[in-house]
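# Understanding the architecture of this molecule
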Amino acid sequence: MIPSTGQNPALRFAPSPNGPLHLGHALSALLNADMATALGGRLLLRMEDIDVTRCTPEFEQAIYEDLAWLGLDWERPVRRQSEHFDDYRAALDALIARGLAYPAFMTRGEVKARVANAEGDGKPWPRDPDGAALYPQDERSLSDSERQRRIDAGSRHAWRLDMGRAIEACGEPLSWTERGDGETGEIAADPAAWGDVVLWRSDAPSSYHLSVTVDDARQGITHVVRGLDLFHATSVHRLLQELLGLPAPVYRHHRLILGADGRKLSKSEGDAGLSVLRRQGLTSADVRRLVGL
Ligand code: GLU
């Protein structure tokens, strides 16, 4: 049973056009479409293309073709994240104005060296739910004038959330309603596990966490259906929703489709591409069977 959010139901499939879709995407897209139909809701599509160097019009076109072949229909216009950087910047500025975001100057190499040093001394370094080392906290306390001096000197920087202050600003412990294939019910959010997440990358405008949060609200999404690999990221999204005054959708994180070797399918390894299956003459019904629907 999916609880009603009291709003007109709206769902979205949100692929990144940086490679060909595979069976894992097909499962996600079909579950979104099926749930939209079951709820009498809207099905929206969003191109998550903030990384303009890796996303191409050709991959985007291939996504439309794959989805049409699966029998999906979605509302137009499609929301393209690359057309909404101003929107994400406004959200970032609101967080900066409240002292909840700071410019982060350390390079990946510097962070790596710091972690290796600590671990070499036998001190375990905290890691996020995906296994990545948390960003060191030293820059949280840089003075405004030192930050400005570095920015004016042209130092490359990202913008990160000051997780400590953000949680404090939020006050209440957060949770979300989960109706997926893993743990279900009211799930306690644990944003602290992610440390000072990136809000604005140094090499691309915005970030996954910031843009997904803003977009789900802008598109009026009531039910987020996506893979279990994003289950824990929901903690960050709930925190950002709360800080930015945005509504919380209901979440349904679905099982992942694994390759023969048991690992998650990946675009870069060309796993079970939908266009390949299409060319082999498979139908949408065959794909439904392949993904266990
Ligand atoms: N763009 C993400 C992906 O392709 C999905 C983001 C989401 O559904 O929140 O994995």
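What comes next is a walk through the structure. (Residues numbered from 1 in each chain as written. Predicted model: local features only at pLDDT ≥ 70, side-chain atom pairs only at ≥ 80, totals over all residues. Heavy atoms only, no water.)

## Focus on the site of the ligand
The immediate surroundings of the ligand are formed by Arg12, Ala14, Pro15, Ser16, Glu48, Tyr208, Val212, Arg226 and Leu230. Arg12 is positioned with one of its side-chain polar atoms (N or O) 2.7 Å from an oxygen atom of the ligand. One of the side-chain nitrogen or oxygen atoms of Ser16 is found 3.4 Å away from a nitrogen atom of the ligand. Starting from 300 Å² of accessible surface for the ligand in isolation, the protein chains cover 79%. Across the shell around the ligand, the residue classes tally to five nonpolar, one polar and three charged. (Near = heavy atom within 4 Å. Polar contact = N/O pair within 3.5 Å; in protein donor to acceptor, adjacent residues only side chain to side chain. Areas by Shrake-Rupley, 256 points an atom, 1.4 Å probe, with all protein chains shown as cover. Nonpolar A, V, L, I, M, F, W, Y, C, P; charged D, E, K, R; others polar.)

## A few points about unusual backbone geometry
Following Arg76, the chain continues into Pro77 via a peptide bond in cis, with omega recorded as 0°. Examined against the element boundaries, Pro77 turns out to sit in the loop between α2 (57–69) and β3 (79–80). Of note, the phi angle at Ser206 is positive, near 65°, even though the residue is not glycine. As for its placement among the helices and strands, Ser206 is situated in the loop between β8 (198–200) and α7 (208–218). Note on Ser206: relative accessible area 0%, which makes it buried. (Helix = DSSP H or I, 4+ residues; strand = E, 2+ residues; numbered from the N terminus. Buried < 20%, exposed > 50% of the residue type's maximum accessible area, 1.4 Å probe, protein only.)

## Brief notes about the sheet that holds strand β4 (residues 101–104)
Overall, antiparallel pairing links the three strands, which are arranged β4-β5-β8 in an open sheet. In the strand order of this sheet, the two ends are held by β4 and β8, each with one partner. For this sheet, the mean angle separating the axes of adjacent strands, direction not counted, is 45°. Pairing geometry for β4 and strand β5 (residues 158–161), over four bridges, is antiparallel. Looking at β5, one finds that Ala101 is bridged to Leu161. (Pairing = 2+ DSSP bridges. Axes fitted to C-alpha atoms, helices over the stretch in contact; angles between N-to-C directions.)

## Overview of the packing of helix α3 (residues 85–97) against α7
Following both chains from N to C, one finds α3 and α7 inclined at 110°, their axes separated by 10 Å at the closest point. Judged by the angle between their axes, α3 and α7 are roughly perpendicular. Contact residues: α3 offers Asp87, Tyr88, Ala91 and Leu92, while α7 offers Leu210, Ser211, Val214, Asp215 and Arg218. In terms of residue class, the contact of α3 with α7 is made up of five nonpolar, one polar and three charged. (Parallel < 35°, antiparallel > 145°, perpendicular 65-115°, else oblique. Contact = heavy atoms within 4.5 Å.)

## Regarding the pattern of salt bridges
Where charged atoms from two side chains of opposite charge come close, those side chains can pair. Counting across every chain of the model gives 28 salt bridges. A salt bridge links Arg46 to Glu48, with the nearest nitrogen and oxygen atoms 3.0 Å apart. Of the two residues, Arg46 and Glu48, neither departs from the other in class, the shared state being buried. The partner of Asp203 in a salt bridge is Arg201, with the nearest N and O atoms 3.0 Å apart. On the accessibility criterion, Arg201 (25% relative accessible area) is partly exposed. Linked through salt bridges whose partners overlap, the residues forming this network are Arg12, Arg46, Glu48, Arg79, Asp87, Asp215, Asp216 and Arg218. (Salt bridge = Lys/Arg side-chain N within 4 Å of Asp/Glu carboxyl O.)

## Details of the packing of helix α6 (residues 163–170) against helix α8 (residues 233–244)
α8 packs onto α6 with a crossing angle of 60° between their chain directions and a minimal axis gap of 10 Å. With respect to each other, α6 and α8 are oriented oblique. Crossing hand, α6 versus α8: left-handed. Residues Met163, Ala166, Ile167, Ala169 and Cys170 of α6 lie in contact with α8, whose contacting residues are Leu239, Glu242 and Leu243. Looking at side-chain class alone, the contact of α6 with α8 contains seven nonpolar, no polar and one charged residues. (Left-handed = near helix turned anticlockwise from the far one by under 90°.)

## Quick notes on the side chain of Asp216
Turning to its location among the elements, Asp216 is positioned in helix α7. Taking the relative accessible area as the measure of exposure, Asp216 reaches 5% and is therefore buried. Beyond its immediate sequence surroundings of up to four residues, Asp216 is in contact with Arg12, Arg46, Ile221 and Val224.

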